[in-house]
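What follows is each chain in one-letter form.
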Amino acid sequence: MAIIVDILPRIIDAQDLATLTNSSMSTAYKLYKAIKRHYGKASHQLVLNTEAATYLGINVSEFESILGRQ
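Each chain carries its own residue numbering, running from 1 in the written order of its sequence. The predicted nature of this model means local features are confined to residues of pLDDT at least 70 and side-chain atom pairs, given and counted, to a pLDDT of 80 or more, with totals for whole chains, interfaces and linings taken over all residues. For the side-chain quantities, the full set of heavy atoms in the structure was used; hydrogens and water were omitted.

### Some details on a nonpolar patch on the surface
How we decide: Only residues whose relative accessible area exceeds 30% and that take part in no salt bridge are eligible for patches, with like-charged residues grouped when within 9 Å of each other and nonpolar side chains (Val, Leu, Ile, Met, Phe, Trp, Tyr) grouped when within 5 Å. Values of accessible area rely on a 1.4 Å probe in the Shrake-Rupley scheme; residue burial ignores everything except the protein chains shown. In what follows, salt bridge is the name for a side-chain nitrogen of Lys or Arg lying within 4 Å of a carboxyl oxygen of Asp or Glu. Helix and strand definitions follow DSSP, with helices as H or I runs of at least four residues and strands as E runs of at least two, each counted in order from the N terminus. Each residue is placed in one exposure class: buried if its accessible area under a 1.4 Å probe, protein chains only, is under 20% of its type's maximum, exposed if it is over 50%, and partly exposed if it falls in between.
On the surface, Tyr39, Tyr55 and Leu56 cluster together into a nonpolar patch covering about 230 Å² of accessible area. Mapped onto the elements of the fold, Tyr39 is located in the loop between α2 (25-38) and β2 (47-48). Assessed through its relative accessible area of 31%, Tyr39 is described here as partly exposed.

### Details of unusual backbone geometry
Notably, Asn22 is not glycine yet its phi reads approximately 55 degrees, a positive angle. As for its placement among the helices and strands, Asn22 is situated in the loop between α1 (14-21) and α2. Given the relative accessible area of 73%, Asn22 is considered exposed.

By themselves, these are just geometric observations and shouldn't be taken as functional.
So this is what it looks like as structure tokens:
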């Protein structure tokens, strides 16, 4: 029997992206802005883990497990 774990959407920040991609904060901010542009978000809107994972082409569960939050 398979166990299905639903990952809840949560807000991420550039620090999460820096950890995930093993990059500098400067590069992570650029990636964060690219994700926001991709989804047509306004400057005050935030990025979700589901959006970032989709943008990066990985599963949300992988995204969360890399950050150690699953």
